[in-house]
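# Structural characterization, general
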Amino acid sequence: MNETREFQEIAHCGGQVIFTVSSDHEGRRSYQVTWQSSRPVPAALYAIYALREGVPVADLPMGGIGSPWPEPPVPGCVPVFIASDSEGKFGFQCPRCEQYWRTRGGISLCPYCGVRAERHEFLSAAQRVYVRLYCERLDEALSAGEDGAHVIDMDAVADAAGKDVEKPPFYYAEQSQQKQFDCSACGEFHDILGRFAYCSVCGTRNDLSELEGSIIPAIRDDLNRGAVPSGCLKDIGSAFDTFVGQYAGQMIRNRPMRSGRRERIGKMRFHDLAATRKELLGGFDIDICEGLTEAEIATATRSFQRRHVYEHNGGEVDEKYLRDSGDTSVRLKQSIRETQAGVHEFANIVLRMARNLHRGFHDIYEPAKGAIDRYETEKRRQATLQRQHGGQSRIPSVNTANPQLRGK
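Sequence positions are assigned chain by chain, starting from 1 and proceeding in written order. At least 70 in pLDDT is required for a residue's local features to be given in this predicted model, at least 80 for side-chain atom pairs to be given and counted, and no such filter applies to totals for whole chains, interfaces and linings, which use all residues. For the side-chain quantities, the full set of heavy atoms in the structure was used; hydrogens and water were omitted.

## A look at the packing of helix α3 (residues 207-224) against helix α4 (residues 229-254)
Where α3 meets α4, the axes come as close as 10 Å, and the angle between the chain directions of the two elements is 170°. By the angle class used here, α3 and α4 are roughly antiparallel. For the pair formed by α3 and α4, the contact residues are D207, L208, L211, I215, I216, I219 and L223 on the first element and P229, C232, D235, I236, A239, F243, Q246 and Y247 on the second. Axis definition: a line fitted to C-alpha atoms, over the contacting stretch in the case of helices. Angles run 0 to 180 degrees between N-to-C directions. Only DSSP runs of H or I covering at least 4 residues are called helices, and only runs of E covering at least 2 are called strands; the numbering of each starts at the N terminus. Every angle not falling under 35 degrees, over 145, or within 65 to 115 is termed oblique; those three ranges are roughly parallel, roughly antiparallel and roughly perpendicular. By definition, residues are in contact when any of their heavy atoms lie within 4.5 Å.

## A few points about the pattern of salt bridges
Any Lys or Arg side-chain nitrogen located within 4 Å of an Asp or Glu carboxyl oxygen qualifies as a salt bridge. Taken as a whole and assessed by the stated rule, the structure comprises 33 salt bridges. Between E290 and R359 there is a salt bridge; the shortest N-O distance is 3.9 Å. On the criterion of sequence distance, the pair formed by E290 in the loop between α6 (273-284) and α7 (294-312) and R359 in helix α9 (residues 340-364) is long-range, its members being 69 residues apart. With its nearest N and O atoms 3.4 Å apart, the salt bridge here joins E311 to R307. Here E311 and its partner R307 are both found in helix α7, 4 residues apart, which amounts to about one turn of the helix. The classification of residues rests on relative accessible area computed with a 1.4 Å probe and restricted to protein chains. Under 20% of the type maximum is buried, over 50% is exposed, and intermediate values are partly exposed. Note on R307: relative accessible area 8%, which makes it buried. Shared partners join several salt bridges into a network, and the residues in it are D85, E87, R102 and D191.

## Side note on α3
Expected helix span is computed as 1.5 Å times (number of residues minus one). The terminal C-alpha atoms of α3 lie 24 Å apart, and with 18 residues this matches the ideal 26 Å at 1.5 Å per residue to within 8%. Values of bend correspond, residue by residue, to the angle between axes fitted over the seven residues ending at that residue and the seven starting there. Taken as a whole, α3 carries its principal kink of about 30° at P217. Among all positions of α3, only D207, L208, E210, L211, I215, I216, I219, R220 and L223 are buried. Positioned one or two residues after α3, G226 has a phi angle of 105°, which is positive.

## Brief notes about the packing of helix α5 (residues 259-267) against α6
Across the interface, α5 lies against α6 with an axial gap of 12 Å and an inter-helix angle of 150°. On the basis of the axis angle, α5 is roughly antiparallel to α6. Of the two elements, α5 crosses α6, and the hand of that crossing is left-handed. Listed contacts from α6 to R261, R264 and I265 of α5 are E279, G282, G283 and F284. Residues were grouped as follows: Ala, Val, Leu, Ile, Met, Phe, Trp, Tyr, Cys and Pro as nonpolar; Asp, Glu, Lys and Arg as charged; and all remaining residues, including Gly, as polar. Taken together, the residues that form the contact of α5 with α6 break down as 2 nonpolar, 2 polar and 3 charged. Crossings are assigned a handedness: left-handed for a near helix turned anticlockwise from the far helix by less than a right angle, right-handed for a clockwise turn.

## Looking at the sheet that holds strand β8 (residues 100-103)
Paired strands, as defined in this entry, are two strands with at least two bridges between them according to DSSP. Taken in spatial order, the 4 strands of this open sheet run β7-β8-β12-β11, and their pairing is antiparallel. In this open sheet, the two strands that pair with only one neighbour each are β7 (90-93) and β11 (179-182). Pairs of neighbouring strands in the sheet enclose a mean axial angle of 25°, with direction left out of account. Pairing between β8 and strand β12 (residues 189-192): 2 bridges, direction antiparallel. Within β12, the residue paired with R102 across the bridge is D191.

## A look at the nonpolar core
For this analysis, a nonpolar core means a set of buried residues of the types Ala, Val, Leu, Ile, Met, Phe, Trp, Tyr and Cys, connected via side-chain atoms within 4.5 Å. Residues V80, F81, I82, W101, Y130, V131 and Y134 are the most contacted members of the largest nonpolar core, which totals 55 residues. If you tally residues by element for this core, the top one is helix α1 (residues 125-143), at 8 residues. Leave out the neighbours within four places in its chain, and Y130 touches V17, V80, F81, I82, M154, F170 and Y172. If you look at the next biggest cluster of nonpolar residues, it comprises 51 residues, including L109, L233, F243 and V244.

## Regarding the confidence of the model for the protein
Here pLDDT means the predictor's own confidence in every residue, given as a number from 0 to 100. When pLDDT is averaged across the protein, the result is 92; 95% of the residues are at 70 or more. Here residues 394-408 is modelled with pLDDT under 50, and outside its nearest four sequence neighbours on either side it reaches 42 contacts, counting other chains as well.

## Here's the deal with unusual backbone geometry
With a phi angle near 65°, E98 is a residue other than glycine that sits in the positive phi range. With respect to the secondary-structure elements, E98 resides in the loop between β7 and β8. According to the relative accessible area criterion, E98 is exposed, its value standing at 58%. The phi torsion at K333 lies on the positive side, around 80°, for a residue other than glycine. You can see K333 is positioned in the loop between α8 (319-325) and α9.

## Details of the packing of aromatic side chains
Each pair of aromatic rings is reported with the distance of its centres and the angle of its planes. Working definition: a ring pair exists when centres of Phe, Tyr or Trp rings (six-membered ring for Trp) sit within 6.5 Å. Plane angles under 30 degrees give stacked, over 60 give edge-to-face, the rest tilted. Taken as a whole and judged by the stated rule, the model has 17 aromatic pairs. Linked through ring pairs, Y46, F90, F92, W101, Y112 and F122 together constitute an aromatic cluster. Note on criteria: charge over ring means Lys NZ or Arg CZ within 6 Å of the ring centre, with the direction from the centre no more than 35 degrees off the ring normal. In this arrangement the basic side chain of R205 is found over the ring face of Y198, its NZ or CZ atom lying 4.7 Å from the centre.

This is how it looks when you write it as C-alpha cells:
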C-alpha cells in the first residue's frame, strides 16, 4: 500500500435516499423508500433495521430486485440504507476494542480482537449518527401535511469530503488505514491499522500469508544480495517471535484459562523453542514442531540461541549458549558465524513451524467454511472463463440495484 494514503479521508459514494409518502382514501400514511445514484464512482449498499429512535437492531438481507424482505425483528422498525464510500468499501468499528477498519461489507467478526457480532453491531460512531438522522428524516416525511418525495442528498455529503466547508447534517466519510490485503482464504478485502489481523468475513488470520509471502521472502532476498547472514538470522528469529506472539495474544484474550497461565504466556518471548513448544502443546494441544525431525528441531534451537548471542553478546559464545543450544561444535568465547545456506535452512524450518501453529490455531478458531467455499467456487469459475476466452479475464462488473420497500 502507498504510505501516503494512510489515514486519508475517503468520500461517501453519494446518491440519494428518497422517501415517497402517500395517503390512501382513509387517510392512512405509507411510504416507499428508494436509493439511487449516478455518480461515476464505485458504490455498494446494504440495509439494516432500526428502531424509529435510530437504534440499529438487525441486518436486513435485501436479496434481488423484487424479492420480499424479512419481517422486522421488532414491530415498527424501519429499513435504513447504508451506502459505501467512493471506493465501494464500508467502514466498521468494533464494539469491544473500538478499533476501526474498512472492508466490502459482509462481516462477522472484528479483525483486531476477534469478537463475533452481527454486522449492524459494528457500525461506526459516524454511521450511528447517520442512522439516527435518517430515522428522524423519515418521521418528518410521514408527519408532513402533504404527500410527495423527501430526499436525503448524499451527493452533498460526498462533495464536502476533504474540504474546509460546513458539513451537511448527514455528513460522514471513511478513512484509509495502514495495511490493505485480500484474505488468502476467502479473498475479502481489508484495510486495517497495523499489519496483522483476522479476516472479518471468514476469520482466517493473515499472519501466515504475510510471513510466507512478504516477510521471509524479503529476508531471503537481502541474504542472496549479500547481506550479513547473522543479521538475516536475527531477522528471521524476530519475525517468528512476532508471529507466535500474535497467535498467543489472541488465545489468551479469547480462550478461558487460569490467570497464572495467561500472565505467563503474556510475558513470554518465543525464541526459546523448547519452552514455546511445551507451552503451546500443554495449553492448546498445538505442536509447532509436528513433522520436524530431531535434527531439524536441534537446528532451529541452535539458531534461536545464536540470535541471542548476536543480539546480546557480540557474536561470542557464552555459557548460556553452550547450556541451552546443545551446540558442541564451539567453545566458550569463540566467535560464531553463519552461512547463507544455514540461514536459508533456518527460514525453511521457521515456515514449517509457523504453518503448524496457524493450522492448530484454526482448529480451535475455525474459519467460516461457507465464505471460503464460495471464494474457491468463484476462482474455479473464473479460471474456466479465462481458459475459454484465451486467458482474458471475464470478471463481471458490479451492478448495484436500487432496492425499494413499501412501509407503513
